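# Examining the three-dimensional arrangement
Here is how the chains run, residue by residue.
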Amino acid sequence: MIVFNGKLYSDQECFIGVGNTALSFGHAVLEELRIENGHLLFWEPHYLKIMASMRMLRISIPMTFTPDYLEGVIKDALSKTTHLNNNAIAVFQVYPSEDNITQTHYHISFRPLENLHLDKISHTPFEIGLYKDFYIADSLLSTLPTNYKLVERLAGVFSDENDFQSCFLLNEKKEVIGTHMGPLFMVANGQIQTPPITGGTQNSVFRKQIISLLAKDSDYEISENVISPFSLQKADALFIFNLSKGFISINKYRKKIYDQHEFVQAIALKFQQSIPS
């Protein structure tokens, strides 16, 4: 099922016109939410992020866009998408009307979760490459949840063509800002590092929650630092967080083999335990 302006449509029904501003101009907020057993994880920070992003992108906020209303719309639509069993990624897109810039439209679609348990990480070998054809701008706009994902899409195609499972992304300063699948965390000399949002890294809700958890845990030391491509091969471990797949332990980058699977597994377990029920 798909929700368009509060009404339910089947996946086969057409509801977006050719002049749609999200489709034609990329003028849209796109926020993805993880839902487990009908529960929207970290709904409040997601909602606040959507509202703040709409203001920055000059998208009018309807009076009906209360936290309770939007949460109810998402849950109701998911309950009617029975094949997902209340476990899904909800993709929320909101954008100005093509006819009147002061009016706002939105739609919500769903896709299945690839990993139902965030405390479980895959043992499948995971090799990563470096995408260098195009760069992410190190600007505030790059940190916002928009539907402009061209560089990430091209990096995904590059990964498939070269038998990688993912690719690192670079900004215009040739700094590593993450991967095309989600935020990157690097473990080196007992410290966990992740790229800062000042470099263009997506400021996702789950990234912030992971940083908050690790900062409060005396077993770990975490910082937001610039990561160069050269430092990746000196790291002790690398891991990604993907909203659908969960925590991903990287096994190989170029000639470097990483074998800190248990370290990443321990973080995944602590994160799962920290999520409010």
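In short, a report on the structure. (Residues numbered from 1 in each chain as written. Predicted model: local features only at pLDDT ≥ 70, side-chain atom pairs only at ≥ 80, totals over all residues. Heavy atoms only, no water.)

A tally of regular secondary structure across the protein gives seven helices and 16 strands. For a compact globule of 277 residues, the expected C-alpha radius of gyration is about 19 Å, and the protein comes in at 19 Å, within 12% of that figure. By its C-alpha atoms, the protein is 55 × 40 × 35 Å across when sized along the principal axes. Out of the 277 residues belonging to the protein, those deemed buried represent 51%. Split by element, the accessible area of the protein, about 13700 Å² in all, is 53% carbon and sulfur. (Helix = DSSP H or I, 4+ residues; strand = E, 2+ residues; numbered from the N terminus. Rg over C-alpha atoms; globule rule 2.2 N^0.38 Å. Buried < 20%, exposed > 50% of the residue type's maximum accessible area, 1.4 Å probe, protein only. Areas by Shrake-Rupley, 256 points an atom, 1.4 Å probe, with all protein chains shown as cover.)

This paragraph deals with the nonpolar core. Within the largest apolar cluster, 29 residues are counted, with the highest numbers of intra-cluster contacts made by I192, F206, F247 and F271. Mapped by element, the contributors of at least two residues to this core are β5 (88-96), β10 (184-188), α6 (205-216), β13 (237-242) and α7 (261-274). A per-element tally of this core places α6 first, with six residues. W43, M54, I74 and A88 belong to the second-largest nonpolar core, a separate cluster that totals 27 residues. (Core = buried A, V, L, I, M, F, W, Y, C linked by side-chain atoms within 4.5 Å.)

Its identity as a non-glycine residue notwithstanding, F42 has a phi of 55°, on the positive side. Residue position: F42 is located in the loop between β4 (39-40) and α2 (43-56). Owing to a relative accessible area of 13%, F42 belongs among the buried residues under this scheme. A positive phi is found at K174, a non-glycine position, where the angle reads about 65°. Relative to the assigned elements, K174 resides in the loop between β8 (166-170) and β9 (176-179). For K174, a relative accessible area of 42% corresponds to the partly exposed category.

Geometric descriptors of this kind do not, in isolation, establish any biological role.
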